[in-house]
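# Residue-level structure breakdown
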Amino acid sequence: MLAEALCAGRAEDGGMSSSLILLAVPVFFALIGVELWLCRRRGRRDYRFSDALANLSCGVGQQTLVTLVSVGLLVYVFLFERAAPVRLPPGAVSTWLACFVAVDFCYYWAHRASHRVNFLWAAHAVHHQSEDYNLSVALRQSWVQRAFFWPFFWPLALLGFPPAVLVTTYTLNTLYQFWIHTQLVGRLGPLEWVLNTPSHHRVHHGVDAAYLDRNHGGMFIVWDRLFGTFRAEGALPRYGVVQPLGSFSALRANLDPWRKLARMASAEPRLSGKLLVFLRPPDWRSEASPPEEGPLRTDPGYVLHDVERPPLARALAAALFLAALVGAIAFLHAAPGLAAGPLWAGAAVLLAALTGVGALLDGRASPEPARGEATSAGAPKGLPISPA
């Protein structure tokens, strides 16, 4: 019975959301191509090959794992069917409109908590690790974050929102957020009082002290204005995380925040202190905390992480990524009808391929000697922005 319920939950989550994502994939890549073309025409350096490929690898891996069992959705379905005092009609326009607003409200709190609670940040940090800011960053998603987001949406089951409506509106909310990851769109006037826009979201990705932990909304910015986390864009942000990843590996991107958290916990002398590390804010440190690893993104003179790779290594990384992308699309199509064994085996093969892409980009798996390592001499040219 439990296995059947889990499979049903997987089919509902993976079926509807993945179908929308699959329809959006060609649009995403077309828009990334347009943005890249515009950047080149304008002499901008918003894209770097290795960083963009790492972003896309994270996204393919995330979608691969989304097709697996979703216990969070299973809990939502259980609460809706067994505990909801009312069930809103799934065909009513009012149900859909209310769910759009409710989903974004819950997303705001899930997102805000993910910046202030260490174990949630470890799952979310992947999205912020890129030191560039372009449409490919929108696809840089954690492989496990959705599992940590689900509890914030469970109250909507008790309010009577049908699972199909919830999953669809959440997916549409996610799709909306794609276009706000760009430096090519400036201020949008009165729309910025209500909607989350590229200007607002650039602030969210900034590591500057004035920008940290700001603008958490998904589709709407009104929650940030209401709850004191709004910040208008002023100086051009510096993008990334305070403690840089220093790698283009999607696997390292997802594991490194947990490694750092485990390192902090192991340094605490008492069990209570070890446990509390996971609940502290990311900027918290105790006397026992180990020193920061490497340079900080906020250090004066910091230059963007980069590794010069030979053309053959870059070509192989691109080819391996394209193979993984095609395989992931086929996998997403087939996943709702697959048994657990083939499902996990397929996911493992795809994740191994994406790990290989990262190894080629980092220089750990090269068909010829690397020509040396170098850091980028300058940050990408940013959008001229007037003070807020």
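Each remark here, short or long, concerns the structure printed above.
Residues numbered from 1 in each chain as written. Predicted model: local features only at pLDDT ≥ 70, side-chain atom pairs only at ≥ 80, totals over all residues. Heavy atoms only, no water.

A word on the overall build of the protein chain. Each helix and strand in the protein chain was counted, giving 14 helices and zero strands. Shown N-terminal to C-terminal, the secondary structure of the protein chain runs as helices and strands in the order α-α-α-α-α-α-α-α-α-α-α-α-α-α. Looking at the 388 residues of the protein chain, the share that counts as buried comes to 50%. The long-range share in the protein chain, meaning contacts at least 24 apart out of those at least 6 apart in sequence, stands at 79%. (Helix = DSSP H or I, 4+ residues; strand = E, 2+ residues; numbered from the N terminus. Buried < 20%, exposed > 50% of the residue type's maximum accessible area, 1.4 Å probe, protein only. Contact = heavy atoms within 4.5 Å.)

Once that is clear, we can look at the environment of V60. When you line up the elements, V60 lands in helix α2 (residues 49-66). In this structure the C-alpha to C-alpha distance between V60 and V326, which are 266 residues apart in sequence, comes to 9.9 Å. Not counting chain neighbours up to four residues away, the residues in contact with V60 comprise F321, A324, L325, A328 and L354.

Take unusual backbone geometry next. One non-glycine residue with positive phi stands out, namely D213, at about 60°. Assessed through its relative accessible area of 24%, D213 is described here as partly exposed. One non-glycine residue, N215, lies in positive phi territory at about 55°.

Using the criterion set out here, one finds 14 salt bridges in the structure. D256 is the partner of K260 in a salt bridge, and the nearest nitrogen-oxygen pair spans 3.2 Å. Pair noted here: K260 and D256 are both in helix α11 (residues 250-267), with a separation of four residues, about one helical turn. Its salt-bridge partner being E292, residue R285 comes within 3.0 Å of it at the nearest N-O pair. Note on R285: relative accessible area 32%, which makes it partly exposed. (Salt bridge = Lys/Arg side-chain N within 4 Å of Asp/Glu carboxyl O.)

This next bit is on the nonpolar core. Residues I32, F178 and F321 are the most contacted members of the largest nonpolar core, which totals 43 residues. Ranked by size, the runner-up nonpolar core spans 21 residues in total, among them Y76, F80, V103 and A110. (Core = buried A, V, L, I, M, F, W, Y, C linked by side-chain atoms within 4.5 Å.)

In this section: the environment of Y107. For Y107, the location among the structural elements is in helix α4 (residues 93-114). Taking the C-alpha atoms as reference points, Y107 and M219, 112 residues apart in sequence, are found 9.3 Å from one another. The residues touching Y107, leaving out its near neighbours within four places in the chain, are F149, F153, Y170, Q177, H216, G217 and G218.

Inspection of every chain in the model, using the stated rule, returns 14 aromatic pairs. Positioned above the aromatic ring of F80, the side-chain terminus of R87 is 5.0 Å from the ring centre. Note that R225 overlies the ring of F230, its terminal NZ or CZ placed 4.0 Å from the centroid. (Phe/Tyr/Trp six-rings, centres within 6.5 Å; stacked < 30°, edge-to-face > 60°. Lys NZ or Arg CZ within 6 Å of the ring centre and 35° of its normal.)

Worth remembering: the numbers are spatial, not functional.
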